[in-house]
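Take a look at the letters that make up each chain.
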4 protein chains.
Amino acid sequence: MGFRIDKDSLGEIKIREDAYYGPFTARAIEHYKVTKQTMHEKMIKAFVMIKQAAALANMELNRLDKDKGNAIVSACNEILNGKLLDQFLVDAINSGAGTAFNMNVNEVIANRALELLNRRKGEYDIIHPNDHVNMSQSSNDTFPTALHIAVLMNIDELLPILSELISVLRSKEQEFNDIIKIGKTHLMDALPVTLGSEFGAYAIAIEKATKTIKDCKTLLEHIALGGTAVGTGANSPKGYREKVIKHLSIISGLDLKAEDNMQFGLQSRFAIANTSSSLRNLALELIRIANDLRLLASGPKVGFREINIPAIHAGSSIMPGKVNPSLAECLNMVCFNVIGNDHAVALAVQAGQLELNVMLPVMAKCMLESIDMLKGILRSFIDNMLKGISANREMIEADVKKNPILITLLAPKIGYMKAAEIYKEALKRDSSIKDLVLEKNLLSKEETERLLDIRRLFEDG
Amino acid sequence: MGFRIDKDSLGEIKIREDAYYGPFTARAIEHYKVTKQTMHEKMIKAFVMIKQAAALANMELNRLDKDKGNAIVSACNEILNGKLLDQFLVDAINSGAGTAFNMNVNEVIANRALELLNRRKGEYDIIHPNDHVNMSQSSNDTFPTALHIAVLMNIDELLPILSELISVLRSKEQEFNDIIKIGKTHLMDALPVTLGSEFGAYAIAIEKATKTIKDCKTLLEHIALGGTAVGTGANSPKGYREKVIKHLSIISGLDLKAEDNMQFGLQSRFAIANTSSSLRNLALELIRIANDLRLLASGPKVGFREINIPAIHAGSSIMPGKVNPSLAECLNMVCFNVIGNDHAVALAVQAGQLELNVMLPVMAKCMLESIDMLKGILRSFIDNMLKGISANREMIEADVKKNPILITLLAPKIGYMKAAEIYKEALKRDSSIKDLVLEKNLLSKEETERLLDIRRLFEDG
Amino acid sequence: MGFRIDKDSLGEIKIREDAYYGPFTARAIEHYKVTKQTMHEKMIKAFVMIKQAAALANMELNRLDKDKGNAIVSACNEILNGKLLDQFLVDAINSGAGTAFNMNVNEVIANRALELLNRRKGEYDIIHPNDHVNMSQSSNDTFPTALHIAVLMNIDELLPILSELISVLRSKEQEFNDIIKIGKTHLMDALPVTLGSEFGAYAIAIEKATKTIKDCKTLLEHIALGGTAVGTGANSPKGYREKVIKHLSIISGLDLKAEDNMQFGLQSRFAIANTSSSLRNLALELIRIANDLRLLASGPKVGFREINIPAIHAGSSIMPGKVNPSLAECLNMVCFNVIGNDHAVALAVQAGQLELNVMLPVMAKCMLESIDMLKGILRSFIDNMLKGISANREMIEADVKKNPILITLLAPKIGYMKAAEIYKEALKRDSSIKDLVLEKNLLSKEETERLLDIRRLFEDG
Amino acid sequence: MGFRIDKDSLGEIKIREDAYYGPFTARAIEHYKVTKQTMHEKMIKAFVMIKQAAALANMELNRLDKDKGNAIVSACNEILNGKLLDQFLVDAINSGAGTAFNMNVNEVIANRALELLNRRKGEYDIIHPNDHVNMSQSSNDTFPTALHIAVLMNIDELLPILSELISVLRSKEQEFNDIIKIGKTHLMDALPVTLGSEFGAYAIAIEKATKTIKDCKTLLEHIALGGTAVGTGANSPKGYREKVIKHLSIISGLDLKAEDNMQFGLQSRFAIANTSSSLRNLALELIRIANDLRLLASGPKVGFREINIPAIHAGSSIMPGKVNPSLAECLNMVCFNVIGNDHAVALAVQAGQLELNVMLPVMAKCMLESIDMLKGILRSFIDNMLKGISANREMIEADVKKNPILITLLAPKIGYMKAAEIYKEALKRDSSIKDLVLEKNLLSKEETERLLDIRRLFEDG
């Protein structure tokens, strides 16, 4: 059951006998050798879901013959179950609006549906990629819809990992909650905090970032499907829009709704910019946390040396025994890439013109890559780094005890200027604050000891 | 009543006789000659509100003597009413955490309070900038708090302008609602839309962007005041935090709440990143809209020439009579700057370390500048450009009538491939679609006319 | 000849019987599931070249036994000839400094060299990945060196394509050189230019951008190899550095030199930032050119409609016959991604700390992807879009003839203010400038005709 | 000698009696309330230089009457000497292409020239802003030319500060050259370097960045003056271009040349993008260096505590005696802003369309602000921070002596795996490497001591 078409209106084109795509796709594969990546699997599946939902809606509205429609639906099911995924060979960055990729999908489904009807691939007079598979659709409404769906599906895989990150940070908060350490502002010795409280604050940061990402889902759930070419829904039958979105919600398991204003839905990718920046803002927090952990681990002899990180592999090919915070560094790198991708997405979003923003494929590539990378590194970061962090309790406690910055606790009593003097003298003479204060008769021994008792800082609040 | 202090622990320092700042500030003015801008007025006022609220809370908790406290409160009132604003001379970008600026505020208030007590400026043994004005505070909790307040106040000035932008876009939607035009995808002729619907979609875009900005306010309303140096609230009395935030809410008229986790509140500037990116995302939409208007206005002879823009001044110093879309271009430029500023803010946000993110002054500078610029340009863009846009109705209507892309409306009947043929022939022969379709006997005259009647596209939906 | 090692100091680890990598790599594959891309082939080859050069230098300096050394050299040759490329499975973004990838290379070469000595893979007591393959090296000097080499090799593939782009733009300049058209400033009608001159100016832009990229090669050619772990060259024999770089130059065919200051060579990636921004700056010009072509092609009925672009595939899945500037849009998208990648690289570059910038793998990923994408899209853009552009000569010439902006040519005679009046009247009455000027007796017919003869503008200059 | 004009073609407009600008400027001041900054003084002066050079060239070519021309030249001289600088009130971000600002300049010069001719301001029939001051010019060629000149002048003020930065870094290299310390890779203890060598490597980084900035001057020196509106030089007399550029070179003291292709000179701002990215790349190095210094200074008790930084003011308003690396943090903030500004510039550069890039004012604002900020902060950073850095010699030397990472120096003898074992044991038992190696009889005492003698690492390299 080989291929019938070997040329189209643009002339001859070679298609492999066993291919399911057709001449449009074959040419697009030639024309777009850009990233050498194919479209993200979630985009393929989201697109196929749309084609299936459209076929169902078109059948219900008597636009599409049942035989053809059911064949299309079955072909889509096969792909959603993992078949023919190697047939989507158009480059991840292809034509504006992703027309080339939409046609790749139309052709593969058409050809597989033809087979299911015991026809030969390429008998487009029976099932045509444009007339039947693409019925009531345009690249212009399907690609943004698929993009929203793919991003939603990928975010839904990221969120549980973020939850787990929060919960492991919380467990570290518990574990280290009684370890009082010298706090650091400007990287300089400051008033004490607990090591646990640092991890607790990281947990909050991830919670806030997670909530913001979740909040982006609402805008993404509003899709422009049914707008067809320019948002007016031209060439789609009355009632189509409600039906197709209903089917698509069921197929995807997502809570999809029609974008109120379809023209907005095609011309603006605000929901994508919004989601992209929420990922960037997560990345900013993750960079900060990764940097902090690398600081705290700096050592083992020179540096902050407050925590130990598990060795996942030899840290150096030349310095034996060295343990590096490799996964934290990897997290940094991923976050840099995520921020760069957000930038690319922003450029794409501002480039919409009149009825359409055509810069869709690069949005799909960058957004989905960012989420994939975050999923990948966070999984490993949690399991192989975060969980295994231990504290150098003795070192930390020794550091805090004699630290002259504790003079701050006496400043409300003796005044800022006097306290500053004592601090400098303590540093110079390497004396304890207590000794100096008593030597100078500034406060009674009792009051000095009460004020310098740092545990009271952590008792209730 | 001149100045008493002319040296401090770092040695001699000249202070002008009529200055209200003291030696700390004088030195900081010397050290930070960076932007040659002073701190934003909203930051000055937000800071002074904090000092006032702190004095009230400290008096209530019997930490601060009533005489001194009331003098501080009165000095703050004067500044909030516009006095002494020229005394805040530390550069907009100063020391990490803005300590230099906090001290500038402390000194000006202390010296003015001293005067109100009939003391000489500089008699810090009576009212000390650190011990009394800064009581129960640190730069580390006051600067982020002031930053949140200043941004909130500035956003509250931006929002009504965005509302007006939406409403003027809506009125243009009404005005142009019956003008059917050739839609444009990929900048190429596409199915018709109405000129009004384009403006309607712009309104939606700004609505969504506005909502996102509004949503950022919740995070900003959570402030870290009371956390003092490292988030533990060290050196502030019990109950201080609730009291100071209550006073600050009243003074500022904002709905402020305590950040649940104070350490998070000092170490992370997530709320700022989140607000900054919401401004960026607004900018992305504004760029797109400005670009569209510039496209639509292109002409007057060659180009899209669909709209006319009001002449606000001669467009060219050499080409007489030329009218340029100057305010739309200005809007583009502002948005580029806003996006750049967001980038600077993001870099600052990721640079937090352990207990504190010290990169606060640059956040204040960039965020507040962005909002100011948006307020300024949008005010003028609405009044002097948007409101005055008129449509070239005849030109637009002539353009749409014979446009061969209307073949799309027949494609569901005659098939995509046949339609494509007709389109090319129409272009080549410069014939109307209707003539060609009838010539080729593809459809009846009645059906052809019914399908080509573009008004039906805009009847219900 | 299966694998001997199945555990190392970190415990048991499964390695496939037919694998050439060892336990270190196997673990790293597990730990770094980030991008799901492997390291770029040019990085693999650059790394293998370094290993080969090091073996040669170590043998010459009698550090490395000839038998082992020759086996290592042979193994490297095999890989450089395309064998075993599937053995480099560590993720493109892996550990800081790329230690994991360096070890992947060390292990594959060690194991293949062992085979060549008729030993079993894993007999590391004979040839050890660290002691022999990595001899006199560190990840810290090899990874930046490999990065420079890979980027240099990739740029050398980009440059001829840029040359061709320039030459095709030049041929379009020739082809369209006699087509006088209305110039456009602010997208509004302005004084005439030739269509050819626009393409000529694009050629210049690409020439300047190309020169800047070429200039970056000098910094890249200075490599830190021989610096080992911290730039001091510890653990490498005297004379090693000169020898290894000499060998590496021969093997790579590049003109490599030692970085004067090795510590700089490890701690700073300035050469990478510099190259990355030169790619960004190229992208800025390409975006502008692609946007211009899309503007000029806008139509075919409404818009600038000055040029026709070749149809490479149907432009729309719903609007038959539509031709879109798909490859120009694709070029835009690639450039957005390139700019985003530059941003990621910049973040990585600023993140160096003390003796080392560890953020190397993400630099490799982003830089090499950007160059690859540019190579890919420009190849197709030149062949399938640029070469096929044709001009709508009649339309353009008709547009220019009666355009009232030609009044500018009379302004030096009649004054700016008078000229502005005439312009407005011409637009309003749709009259020609010549008629109006003569009607108003402002200039003689002869002078008017001479001044309005636009051909004179293009005669010599 | 008051103002004559109080309305123009757009109707009535109020101009202050003592103003030198005219109705065009007055309106532009109203329309562009964006940044509330005026145009940078260097832009004002560069523009005035252009007007002066143009008047001289126009007089030489007998286009401009000597009386009028000389009055214009004199007016320009006055402004270049510092007069009337308060008359340039159009906002820093104004109309596309900066037409509004060009007209501001034209009007001020015209009105002052009128006064010099004993005429009343506003007698534009005598000297007209467009016809005489703007003669042979357009905003389109003057603004980019002024931009290049202003940036060149500002860079020429930055370069000596960068030279001084290099030389102070070099003097620190000398000062600390005999202080051997634990090097740091991944922030973890690594092989030793000298503290001096770190500063030496910073010096190299700034040298390379400085050279790149200098290299940008060549492109900037090529100016588009004489291209007038669209690059064809329309309305400028033959020979004008050479003359005006010759005069401008003399007036500005810069080595200016005509851009070969004038259309390129108007449509592309490649030279600006190139310069902007060179500033960004400098900023990336400065961030890294500032971060390193902050790391090295971290302490005084907990952290790296290798260097002491001079106290320029109290570091904390709450923690007495605390010294923060405030100027390094300020440098970080400036660099973040510079990177953001570069981003804004890049967006502006890609937004050129056809014959012109109109996004000029925002380029001027961001570029000049970045250079100003760098000049300001580096001046203070050098004087008040860098010069005053001292080393904690004893601490550093104690740190290095027993650090187990020195095992690396034995690895070539005892093998990587064995060395790794010893390292871990040394850490665990807190023993010295030497003791362990001797205890285990791995090497002779003599060889061990020779290999562990770290001074040999710094003898000749």
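As the structure is a computational prediction, the values presented were derived from the model and not from experiment.

A. Quick peek at the overall build of chain A. A count of helices and strands for chain A gives 17 helices and eight strands. The C-alpha atoms of chain A give 30 Å as radius of gyration, which overshoots the globular expectation for 461 residues (23 Å, by more than 25%). Out of the 461 residues in chain A, the part that is buried amounts to 72%. For chain A, the share of sequence-separated contacts (at least 6 apart) that also reach a separation of at least 24 residues comes to 74%. Taken as a whole, chain A presents about 13,700 Å² of accessible surface, with 47% of it coming from carbon and sulfur.

B. Highlighting the interface of chain D and chain B. At the interface, 71 residues of chain D touch 71 residues of chain B. Summing both partners gives a buried area of about 5,100 Å² for chain D against chain B, and 64% of it is carried by carbon and sulfur. Where chain D touches chain B, the interface holds two salt bridges. Across the pair Glu369(D) and Lys365(B) runs a salt bridge, and its minimum N-O distance is 3.0 Å. Counting the contacts that link chain D with chain B gives 18 residue pairs in polar contact (both at pLDDT 80 or more). Every element with two or more residues in the side of chain D that touches chain B is listed here: α1 (23-31), α4 (99-116), α6 (139-175), α11 (326-350) and α12 (360-384) of chain D. In terms of residues, the side of chain D that touches chain B owes the most to one element, α11(D), which gives 17 residues. Of the residues contributing to the side of chain D that touches chain B, the split by class is 32 nonpolar, 32 polar and seven charged.

C. Highlighting the interface of chain D and chain C. Contacts between chain D and chain C engage 75 residues on the former and 74 residues on the latter. Between chain D and chain C, roughly 6,400 Å² of surface is buried when both sides are summed, and carbon and sulfur atoms account for 60% of that area. Ranking the residues of chain D by area buried against chain C places Phe270(D), Arg288(D) and Leu354(D) at the top, with a combined share of 11%. Linking chain D with chain C are four salt bridges, by the criterion used here. In this structure, Lys208(D) engages Glu259(C) in a salt bridge whose closest nitrogen and oxygen atoms are separated by 2.9 Å. Taken together, the links from chain D to chain C amount to 20 residue pairs in polar contact (both at pLDDT 80 or more). Of all the secondary-structure elements, those providing two or more residues to the side of chain D that touches chain C are α5 (129-133), β3 (180-185), β4 (188-194), α7 (195-221), α9 (262-267), α10 (270-297), α11 and α15 (416-429) of chain D. In terms of residues, the side of chain D that touches chain C owes the most to one element, α10(D), which gives 15 residues. For the side of chain D that touches chain C, the class distribution of residues is 35 nonpolar, 26 polar and 14 charged.

D. Region of interest: the relation of the copies chain D and chain B. Superposing chain D onto chain B takes a rotation of 180° combined with a translation of 0.0 Å along the rotation axis, leaving an RMSD of 0.0 Å. What we have between these two chains is a two-fold relation. Considering only C-alpha atoms, the part of chain D nearest the rotation axis is Gly340(D), at 2.1 Å. Residue by residue, 100% of the interface of chain D is reproduced at the interface of chain B, so both copies engage with the same surface.

E. Seen up close, the relation of the copies chain D and chain C. Mapping chain D onto chain C leaves a residual RMSD of 0.0 Å; the transformation is a rotation of 180° accompanied by 0.0 Å of translation along its axis. The share of interface residues of chain D whose copies in chain C are also at the interface is 99%, consistent with both copies meeting through the same surface.

F. View of unusual backbone geometry. A cis amide bond, omega 5°, links Gly299(C) with the succeeding residue Pro300(C). Relative to the elements of secondary structure, Pro300(C) occurs in the loop between α10 (270-297) and β7 (307-308). At Leu354(A), a residue that is not glycine, the phi angle is positive and equals roughly 50°. In this fold, Leu354(A) is placed in the loop between α11 (326-350) and α12 (360-384). We note that Asp430(A) has phi near 55°; this positive angle belongs to a residue other than glycine. Here Asp430(A) shows up in the loop between α15 (416-429) and α16 (433-439).

G. Quick look at helix α17 (residues 445-452) of chain B. All names here are of chain B. Of the residues making up α17, those classed as buried are Thr448, Leu451 and Leu452. Along the axis of α17, the buried positions cluster into a sector of 95°, meaning they face one direction only. Buried-residue contacts for α17 involve α14 (411-414) and α16 (433-439).

H. Quick peek at helix α2 (residues 41-60) of chain B. Residue and element names in this part refer to chain B. Between its terminal C-alpha atoms α2 stretches 29 Å, which fits the 28 Å expected from 20 residues at 1.5 Å a residue. Of all 20 residues in α2, 17 are buried; the element is thus mostly enclosed. Of the residues one or two after α2, Asn62 is the one with positive phi, at around 60°.

I. Representation of the confidence of the model for chain A in the model. Here chain A averages 95 in pLDDT, and 98% of its residues register 70 or above. We note a pTM of 0.98 for the whole complex and an ipTM of 0.97 for its interfaces.

J. Here's a closer look at the domain arrangement of chain A. All names here are of chain A. If you check the domain split of chain A, you get domain 1 (3-135), domain 2 (141-177 + 194-224 + 256-392) and domain 3 (402-459). Computed over C-alpha atoms, the centres of domain 1 and domain 2 are 34 Å apart. Carbon and sulfur atoms supply 79% of the area buried between domain 1 and domain 2, which totals about 1,500 Å² over both sides. A per-residue breakdown of the area domain 1 buries against domain 2 is headed by Lys42, Met43 and Ala97, which together make up 37% of the total. Summed over the shared surface of domain 1 and domain 2, the number is one salt bridge. Residues Glu157 and Lys42 are paired through a salt bridge, measuring 3.1 Å at the closest nitrogen-oxygen approach. Counting every contact that joins domain 1 to domain 2 gives three residue pairs in polar contact (both at pLDDT 80 or more). Breaking the side of domain 1 that touches domain 2 down by element, the ones donating at least two residues are α2 (41-60) and α4 (99-116).

K. Fine view of the pairing of strand β3 (residues 180-185) of chain B. Residues and elements named next belong to chain B. Of all six residues in β3, six are buried; the element is thus mostly enclosed. Across five bridges, β3 lies against strand β4 (residues 188-194) in antiparallel orientation. When the sheet's bridge partners are listed, Thr185 is paired in β4 with Met188. Hairpin connection between β3 and β4: a loop of two residues separates the two successive antiparallel strands, and His186 in this loop has a positive phi of roughly 60°.

L. Spotlight on the packing of aromatic side chains. Counted according to the given criterion, the structure contains 19 aromatic pairs over all chains. Judged by centre distance (5.7 Å) and plane angle (70°), the rings of Phe199(B) and Tyr202(B) are edge-to-face. Taken together, the positions of Phe199(B) and Tyr202(B), both in helix α7 (residues 195-221) and three residues apart, correspond to about one turn of that helix. Residue classification places Phe199(B) among the buried residues on the basis of a relative accessible area of 0%. The exposure class of Tyr202(B) is buried, given its relative accessible area of 0%. Linked through ring pairs, Phe47(C), Phe88(C), Phe101(C) and Phe143(C) together constitute an aromatic cluster. The ring of Tyr20(A) is capped by Lys121(A), whose NZ or CZ atom sits 4.2 Å from the centre of that ring.

Definitions and cut-offs
Residues numbered from 1 in each chain as written. Chains lettered and ligands numbered in written order. Predicted model: local features only at pLDDT ≥ 70, side-chain atom pairs only at ≥ 80, totals over all residues. Heavy atoms only, no water. Helix = DSSP H or I, 4+ residues; strand = E, 2+ residues; numbered from the N terminus. Rg over C-alpha atoms; globule rule 2.2 N^0.38 Å. Buried < 20%, exposed > 50% of the residue type's maximum accessible area, 1.4 Å probe, protein only. Contact = heavy atoms within 4.5 Å. Areas by Shrake-Rupley, 256 points an atom, 1.4 Å probe, with all protein chains shown as cover. Buried area = accessible area lost by both parts, 1.4 Å probe. Salt bridge = Lys/Arg side-chain N within 4 Å of Asp/Glu carboxyl O. Polar contact = N/O pair within 3.5 Å; in protein donor to acceptor, adjacent residues only side chain to side chain. Nonpolar A, V, L, I, M, F, W, Y, C, P; charged D, E, K, R; others polar. Least-squares fit on C-alpha atoms with pLDDT ≥ 70 in both. Arc of directions from axis to C-beta. Expected span 1.5 Å × (residues − 1). pLDDT = per-residue confidence, 0-100. Domains from an automatic or database assignment. Pairing = 2+ DSSP bridges. Phe/Tyr/Trp six-rings, centres within 6.5 Å; stacked < 30°, edge-to-face > 60°. Lys NZ or Arg CZ within 6 Å of the ring centre and 35° of its normal.

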